[in-house]
Amino acid sequence: MLLDGTLIRTRRRTGDKNRPNYSDKHKAHGLLFIALTDECGNLVWISAAEPGRSSEITTARHNKITGHLREAGLGAVADFGFVGLDDDPDDPVIVTGRRATRGHPLTAAQKEANRLVSRERAANEHGFADLKNWRILTKVRMNARHATTLLRALLVLTNAEVHR
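Basis of the calculations
Residues numbered from 1 in each chain as written. Predicted model: local features only at pLDDT ≥ 70, side-chain atom pairs only at ≥ 80, totals over all residues. Heavy atoms only, no water. Patch = residues over 30% accessible without salt bridge, like charges linked within 9 Å, V, L, I, M, F, W, Y side chains within 5 Å. Areas by Shrake-Rupley, 256 points an atom, 1.4 Å probe, with all protein chains shown as cover. Salt bridge = Lys/Arg side-chain N within 4 Å of Asp/Glu carboxyl O. Lys, Arg positive; Asp, Glu negative; His and termini not counted. Charge placed at Lys NZ, Arg CZ, Asp CG, Glu CD. Helix = DSSP H or I, 4+ residues; strand = E, 2+ residues; numbered from the N terminus. Buried < 20%, exposed > 50% of the residue type's maximum accessible area, 1.4 Å probe, protein only. Pairing = 2+ DSSP bridges. Core = buried A, V, L, I, M, F, W, Y, C linked by side-chain atoms within 4.5 Å. Contact = heavy atoms within 4.5 Å.

1. A short note on a positive patch on the surface
Next, step 1: There is a patch of like positive charges on the surface, built from Arg 11, Arg 135, Lys 139 and Arg 141.
Next, step 2: Its location among the elements puts Arg 135 in the loop between helix H3 (108-132) and helix H4 (144-162).

What follows is the structure, encoded as structure tokens:
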């Protein structure tokens, strides 16, 4: 399984109620979604919408992704946004790359491991691209419940279109 998050840009509303939906990382208003894909890039699961200011790791913890993957006996490959999500070093469920620190550069083996993780994660980006091709997403407003329902319906339609 591959784990990643994406910001679905939304139409901006004015006022104080819209401030939680602004993502400083993307410099845009939107809703954050976490998704699991298979190794071919087909979307399997998508989380409920969170405000754009939420981080990926916080959203993953809120959805208890590590517990659900452990129960199912599955593992996931994720990007650096999920470093520290899996607290069990003996039985890791979520595999991320390694970061170099100021005093400790990466070894050649660690760099190669990062390349392998990046290569596997490319399929996840294709899954998000298939989902974001739906034109209706350009008209999404800030209501998280409606956006969640819409994205999950589009997930079903995307999978039906891919498997045709």
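That was the structure; now back to the text.
2. Focus on the pairing of strand E3 (residues 28-37)
Next, step 1: Burial runs high along E3: ten of the ten residues are buried.
Next, step 2: As paired strands, strand E1 (residues 2-9) and E3 are joined by eight bridges and run antiparallel to one another. In the strand pairing of E3, Gly 5 is matched with Ile 34.
Next, step 3: Adjacent in sequence and paired antiparallel, strand E2 (residues 22-23) and E3 are bridged by four residues, among which Lys 27 carries a positive phi angle near 55 degrees.

3. Remarks on the environment of Arg 115
Next, step 1: Counting through the fold element by element, Arg 115 comes out in helix H3.
Next, step 2: The class for Arg 115 is partly exposed, based on a relative accessible area of 43%.
Next, step 3: A sequence separation of 18 residues divides Arg 115 from Gly 97, and the C-alpha atoms of the two residues are 8.5 Å apart.

4. Topic: the nonpolar core
Next, step 1: Residues Phe 33, Ile 46, Leu 131, Leu 137 and Leu 151 are the most contacted members of the largest nonpolar core, which totals 15 residues.
Next, step 2: Of all the elements in the fold, those that place two or more residues in this core are E3, strand E4 (43-46), H3 and H4.
Next, step 3: It is H4 that contributes the most residues to this core, four residues altogether.
Next, step 4: Filtering out sequence-adjacent residues up to four positions away, Leu 131 remains in contact with Leu 43, Ile 46, Leu 137, Leu 151, Leu 154, Leu 155 and Thr 158.
Next, step 5: The next biggest cluster of nonpolar side chains, apart from the first, holds 13 residues, and it includes Leu 36, Ala 76, Ala 78 and Ile 94.

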